[in-house]
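Coordinates in review
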Amino acid sequence: MHMVKSSNIGYPRIGEKREWKKALEKFWEGKLSEEDFSIEMQRLRLEYLNKQKDLGIDLIPVGDFSLYDHVLDTAVMFGFIPQRFQHQEKTSLQTYFDIARGNDYAVASEMTKWFNTNYHYIVPEIQADSEPQLIENRLLSYFLEAKEKLGIIGKPVLLGPVTLLKLSKGYDEDHFPVLLKKLLPHYVQVLQELESAGAEWVQIDEPALAAIRNKEEVKLVSQLYQTIHDELSSMKILLQTYFESADRYKEIVSLPFDGIGLDFVHDHKENLAAIKKYGFPKNKTLAAGVINGRNIWKANLDDTFTQLETILTKVEPNQLIVQPSCSLLHVPVTIHTEKELDPLLKNALSFADQKLEETKVLTDGLNHGRDQIENKIGEHERSLTALLSSASRNNQDVQKEMQIWKSLVPKREVPYPTREEIQQDFFNLPLLPATTIGSLPQTREIRQGRLKWRRGEWQEEEYQEFIKSNVREWIQRQEDIGLDVLVHGEFERNDMVEFFGEKLEGFSFTKYAWVQSYGSRCVKPPIIYGDVTLTEPMTVKEITYAQSQTEKPVKGMLTGPITILNWSFIREDINRFNVTKQIALALQKEIRFLEEQGIHMIQVDEPALREGLPLKPEKQAEYLKEAVYAFKLATSCVQPKTQIHTHMCYSEFGEIMEAINQLDADVISIEAARSHGEIITDFEKSAYKKGIGLGVYDIHSPRIPDVEEIEKNIIRALNVLSHRQFWVNPDCGLKTRGMNETTAALRNMVEAATYVRKKI
Ligand code: GLN
Ligand code: ZN
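All of these numbers come straight from a predicted model, not from anything done at the bench.

**Describing the overall build of the chain**
When you go through the chain residue by residue, the secondary structure sums to 27 helices and 21 strands. The C-alpha atoms of the chain give a radius of gyration of 27 Å, which matches the 27 Å a tight globule of 760 residues would have. Along the first, second and third principal axes, the C-alpha atoms of the chain reach 80 × 65 × 55 Å. Counting only residues that meet the buried cut, the chain has 48% of its 760 residues in that class. Here the analysis covers contacts within the chain between residues at least 6 apart in sequence; of these, 79% occur between residues at least 24 apart.

Encoded structure:
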């Protein structure tokens, strides 16, 4: 008899070969009719369901599928459609995409990171007086579709009201209880309709609960779910949490649910400790997320099985569900499409489909005895050990160097105020120096040049000449525009992590291992599987060439250790901060190479620093300490006259301000054009004294800002920041912008800087 059940929380939307993405984009381009688009989407949805059924999963999610984003789905379902997208003669599908992508008349809703992942959701816009209404029970349609077409009794997945509201903007904290109350009847209706249609379990995702700690709110949540519970008769509700351990374990597990999903992978097994300590309620089901839904390694089935056995000392088998730790949205679809990977690595990998196989194996083991799955356990163990003992993970040089650094604290030779003087003497820059963030427009021609070289249609020499001519042209153009610090333009780079990963040892790249980043945009994160090391200079050729073309300083351009870490899949046999340190040491070498070649301004980008910040405040300090350490390990070896820059692409600095200061970068540039007011306050409050470039115009749109507008932005910043520390630069890199609009915008920027200089 099957007692323990297997389940899945969510399946990737994009398809093995990104069919989903392709269909979406074709539809947007008008090359696919709405009808054909819907047919294709249904085909994919059913294919995914069938696949999960074939893999033997008992509780298959429905409604996790989305045409863009599940947060947007939920907001639209409850009628939260921003005013500017209403009253238009559009189909609901068009309105849905308009909210996500904007249209000719209205800007899209904001997009932001889904907790600490690299997935972005559309931020719902909800006002205190918004009146939710149930527009369409999309879960019911998905549930019925699975039932009628495939005979699958799916498990509908619904983003919970607490998380929906916590992720929204446009209302005051004080209105949270009122809005929650208004939403309640509509959630109840959705659930009752599912119950009548024959659903047995519904999964309500409430990852935001991990961060709820105030007693009042816990009470509110408890009352809310009590009402939901009372309104249903037979259908069971599974409250799903993920990414971190559930805070207030005791209170959370005693909430009025039939089951609770806990993440046993993250947070150093705190949920396991809590279960051991406090036990688990007798009348509830535990959905144990034991397979890592955020990384791509095979599970150590031996350990995981033991973990499940420990859980079974506190929970009856018929109370237990085995599942991944979170939605498999965050991992690629299947390893089978990778034909060219080194078998040593490939054998140690597990993507979404393989993770479901693992889930099933573990469930079988629990139901039929460990001996039934001994083969699988052994197979996994052998693959993992083979990689572990491979030369790539045992690089003596790297390990010796790590050892040496263990007892050293990276630190600049002289403190900032002294450095500032030395650097001012050395560079002799005007006040409010004007510069850019690094990348310059990547025209079609540039992208095609890179492609030809990759395909082997161009010889190395021809390609190098091509890059040089672009650098040359743009150095000239930057001089004409009047910028004070120039860049080489990053024409040789397609992606700021991939470029470095391809040059470093210890990284591997897949062909099809895409994951959704936002909407139809997918990324293919590199895999850091071995010790990271630098064998030869990565950027010196292009930067020194650029420098040879001008008297003005050219900034070297590198991607920082934390960003490389956060945008890759990383090995788990060593602490992740040791991976960061290895990357930092490789960058340290690169920085030395650049310095030796006379490059004394070097920018180390950390756009993803904030992204890895743990959700719980008490965990943030360690992360920030390690991030600061890695950045300094990479950068602090330089001479006092060498100026270290850094760049970050976001605007919420409040709680990380102290860490930003500790990076001890001589100049920081940040994305500020869209949030001027708040960000300046952060820097003002912390009395930040080093160089700072607040983006003075927004590069995310093709609009050319005029001189006056930029001037205003500069002056506004100078009310708070000293003109001695202020740099003038755009918001972010310019690679997505066109040539002409960029030239015009930069000209206006320089002109604005020149005006303001005269006034101070
Ligand atoms: N130097 C990079 C660029 O200009 C920085 C990109 C980023 O901040 N994401 O493109
Ligand atoms: Zn940026």
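We are not done yet, so read on.
**Some words on the sheet that holds strand 10 (residues 320-324)**
Taken in spatial order, the eight strands of this open sheet run 1-10-9-8-7-6-5-2, and their pairing is parallel. At either margin of the open sheet sits one strand with a lone partner, and together these are strand 1 (5-6) and strand 2 (61-62). Sheet topology places strand 1 next to strand 10; two bridges connect them, and they run parallel. Residue pairing for strand 10: lysine 5 is matched across the bridge by isoleucine 321.

**Thoughts on the nonpolar core**
The biggest cluster of nonpolar side chains holds 210 residues, and the ones touching the most others in it are Leu72, Val202, Leu238, Ile260, Leu286, Ala288 and Met749. Counting residues per element, this core draws most heavily on helix 22 (residues 576-596), which supplies eight residues. Aside from chain neighbours lying at most four places away, what touches valine 202 is Lys155, Pro156, Leu158, Leu191, Leu194, Met235, Ile237 and Leu238.

**Structural notes on the site of ligand 1**
For ligand 1, the set of nearby residues contains 13 residues, the closest of which are Ile437, Gly438, Ser439, Pro607 and Gly733. Taken together, the residues of the shell around ligand 1 break down into six nonpolar, four polar and three charged.

**What to know about the pairing of strand 8 (residues 259-263)**
Burial of strand 8 is extensive: four of the five residues sit out of reach of the surface. In terms of strand pairing, strand 7 (residues 236-240) meets strand 8 through three bridges, oriented parallel. Of the residues in strand 8, the one forming a bridge with glutamine 240 is glycine 261. Where strand 8 and strand 9 (residues 285-291) come together, five bridges link them in parallel fashion. Looking across to strand 9, one finds that isoleucine 260 is bridged to leucine 286.

**So, the sheet that holds strand 21 (residues 726-729)**
What the six strands build is an open sheet, ordered 15-17-18-19-20-21; its pairing is parallel. A strand with exactly one partner marks an edge of an open sheet, and here the two such strands are strand 15 (556-559) and strand 21. Geometrically, the sheet is characterised by an average inter-axis angle of 25° between neighbouring strands, direction not taken into account.

**Remarks on the pairing of strand 17 (residues 601-605)**
With five of five residues buried, strand 17 lies mostly within the body of the structure. Alternating residues of strand 17 divide into Met601, Gln603 and Asp605 and Ile602 and Val604, and every residue in both groups is buried. Of the strand pairs in this sheet, strand 15 and strand 17 are connected by four bridges, and their pairing is parallel. Within the sheet, the bridge partner assigned to leucine 558 lies in strand 17 and is valine 604. In terms of strand pairing, strand 17 meets strand 18 (residues 643-648) through five bridges, oriented parallel. Paired with isoleucine 602 across the strands is isoleucine 644, a residue of strand 18. For the crossover from strand 17 across helix 23 (residues 617-635) to strand 18, the handedness is right-handed.

**Points about the packing of helix 7 (residues 176-197) against helix 8 (residues 215-231)**
Angle between the axes and distance between the axes: these two values describe a pair of packed helices. The geometry of helix 7 relative to helix 8 is characterised by a closest axis approach of 10 Å and an angle of 25° between their N-to-C directions. It follows that helix 7 is roughly parallel to helix 8 by the angle criterion. Between helix 7 and helix 8 the crossing geometry is right-handed. Every residue of helix 8 that contacts helix 7 at Pro177, Leu180, Leu184, Tyr187, Val188, Leu191 and Gln192 is listed here: Leu220, Leu224, Thr227, Ile228 and Glu231.

What counts and what doesn't
- Residues numbered from 1 in each chain as written.
- Chains lettered and ligands numbered in written order.
- Predicted model: local features only at pLDDT ≥ 70, side-chain atom pairs only at ≥ 80, totals over all residues.
- Helix = DSSP H or I, 4+ residues; strand = E, 2+ residues; numbered from the N terminus.
- Rg over C-alpha atoms; globule rule 2.2 N^0.38 Å.
- Buried ≥ 20, exposed ≤ 12 C-beta atoms within 10 Å, placed from the backbone.
- Contact = placed C-beta atoms within 7 Å.
- Pairing = 2+ DSSP bridges.
- Core = buried A, V, L, I, M, F, W, Y, C linked by C-beta atoms within 7 Å.
- Near = placed C-beta within 6 Å.
- Nonpolar A, V, L, I, M, F, W, Y, C, P; charged D, E, K, R; others polar.
- Axes fitted to C-alpha atoms, helices over the stretch in contact; angles between N-to-C directions.
- Right-handed = clockwise from strand over helix to strand, strands pointing away.
- Parallel < 35°, antiparallel > 145°, perpendicular 65-115°, else oblique.
- Left-handed = near helix turned anticlockwise from the far one by under 90°.

Geometric descriptors of this kind do not, in isolation, establish any biological role.
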